[in-house]
Amino acid sequence: MSQTIKRIGVLTGGGDCPGLNAVIRAVTKTAIFDHGWEVMGIRDGYLGLIEDRVSTLNANNVSGILTTGGTILGTSNKANPEKYATGIDAEGNTIWSDVTDTCLATIERHGLDAIVAIGGDGTMSGAQPFIRAGVNVIGVPKTIDNDIVGTDLSFGFQTAADIATESLDRIHTTAESHQRVMVVEVMGRNAGWIALHSGVASGSDVILIPEIPYDLEKVAAYTEHRRSIGRDYTVVCISEGAAPKGGQQAVQRLDPTSPDPVKLGGIARQLAHNLQALTGQESRATVLGHVQRGGSPTPADRVLATRFGHEAATILEEGKRNRMVAYVGGDVTDIDITVPAHKQRTIPADNHLLQAARAVGTCFGDG
Ligand code: F6P
């Protein structure tokens, strides 16, 4: 039992995803009802600590938000306390500052005994200076990309994969009607989890992921083989981070004010163009984009988010320090919060689903 906690702060950092509100609700209600703590909501991730935007969360504030998308606290994927953009110099370069002390002063001013940081690898990395300064930070892993090291699942992923699957199902029928190659680009950064899961679930003919550089000629040959056996359309599910063998990832834009400046995007258009040039078959590109991050979480994500939020408050009560809630081997548990910092969990070559997809004839553009 921890005797020291009276008040905690909760924040959501990084890109949003479905289920953030469900976690906020579960942490807040567990903290208030089970432990009698006060809960403060920190606005816009670490930005709320930098700019002192902190206010009380009570049970009423978090009522009715289980099923809603986005985050009632707002979020930011630019506010890294150790590397925060504070201006532009005469040469047009971003000026970076370490604003850790400003954040620590905010934590002190509001009497926060611990912070629950709901976010991805960037948010876990952003917590490191606070941990070094003695603040207890409990992480809750979120991201549609499912690429956080140390947890088999992050909430948001299952919803994004469902949305992508439904979109691919819709693309399938129009691909067949028009005998086209339809290339659908899904999110995921440098990990192909969304592409692999939605590609398999929708029966996509080709799945291209960042972990397996693809051979354009092999993909083209596969579409032609399908045509030769009377399957005159092809659905390609491609991850935004996929790249051709010996080629580069497609970069949509660079955001110099972000600690994660590379914004991926555009590979579907490139692939559709190249496939049409090689095969002569009409090829179109669809980019699903932020649709995958918006809207209501699926029941599975509502459940996972509720378990994660409850667990975050529970391990704080147990006196644990600097842990990240995790889902490992079918159970909710916790790991050292430093484990996922600055890393990404990608798909290993022996992944069971990858093997299953290969076994049913899915083309990965290699081999
Ligand atoms: O990490 C979640 C994610 O949606 C990635 O899949 C995608 O590459 C990135 O965020 C997009 O970031 P932004 O919303 O800043 O464009």
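Residues numbered from 1 in each chain as written. Predicted model: local features only at pLDDT ≥ 70, side-chain atom pairs only at ≥ 80, totals over all residues. Heavy atoms only, no water.

Relative placement of two packed helices is described by the angle separating their axes and the distance separating the axes. Where helix H7 (residues 193–202) meets helix H11 (residues 352–359), the axes come as close as 11 Å, and the angle between the chain directions of the two elements is 40 degrees. Accordingly, the angle class assigned to the pair H7 and H11 is oblique. Where H7 crosses over H11, the handedness of that crossing is left-handed. Together, Leu196, His197 and Val200 of H7 and Leu353, Leu354 and Ala357 of H11 make up the contact between the two elements. A breakdown of the residues in the contact of H7 with H11 according to their chemical character gives five nonpolar, one polar and no charged. (Axes fitted to C-alpha atoms, helices over the stretch in contact; angles between N-to-C directions. Helix = DSSP H or I, 4+ residues; strand = E, 2+ residues; numbered from the N terminus. Parallel < 35°, antiparallel > 145°, perpendicular 65-115°, else oblique. Left-handed = near helix turned anticlockwise from the far one by under 90°. Contact = heavy atoms within 4.5 Å. Nonpolar A, V, L, I, M, F, W, Y, C, P; charged D, E, K, R; others polar.)

Let's shift gears to the side chain of Ser167. Position of Ser167 among the secondary structure elements: in helix H6 (residues 157–178). Judged by relative accessible area, Ser167 falls into the buried class, the value being 17%. Within polar-contact distance, the side chain of Ser167 engages the backbone oxygen of Ile163 at 2.9 Å. (Buried < 20%, exposed > 50% of the residue type's maximum accessible area, 1.4 Å probe, protein only. Polar contact = N/O pair within 3.5 Å; in protein donor to acceptor, adjacent residues only side chain to side chain.)

Close contacts around the ligand come from Asn77, Ile144, Asp145, Met187, Gly188, Arg189, Glu240, Lys263, His290 and Arg293, and that covers them all. At 2.5 Å, a side-chain N or O of Glu240 approaches an oxygen atom of the ligand. For the ligand, an oxygen atom lies 2.8 Å from a polar atom in the side chain of Arg293. Considering the ligand on its own, with 400 Å² of exposed area, one finds that the protein chains cover 82% of that surface. (Near = heavy atom within 4 Å. Areas by Shrake-Rupley, 256 points an atom, 1.4 Å probe, with all protein chains shown as cover.)

The next subject is the domain arrangement of the protein chain. How big an interface is tends to be reported as the loss of accessible area on association of its parts. Domain annotation of the protein chain identifies domain 1 (7–155 + 297–336) and domain 2 (160–293 + 348–359). Each of domain 1 and domain 2 has a C-alpha centre, and the two are 32 Å apart. Summed over both sides, the interface between domain 1 and domain 2 buries roughly 1,400 Å², with carbon and sulfur atoms accounting for 51% of that surface. Considering only the surface of domain 1 that becomes buried against domain 2, Lys78, Ile144 and Asp145 emerge as the three largest contributors, covering 38% of it. For the interface between domain 1 and domain 2, the tally reads five salt bridges. For Arg189, the salt bridge goes to Asp147, with nearest N and O atoms at 3.0 Å. The interface formed by domain 1 and domain 2 holds seven residue pairs in polar contact (both at pLDDT 80 or more) in total. (Domains from an automatic or database assignment. Buried area = accessible area lost by both parts, 1.4 Å probe. Salt bridge = Lys/Arg side-chain N within 4 Å of Asp/Glu carboxyl O.)

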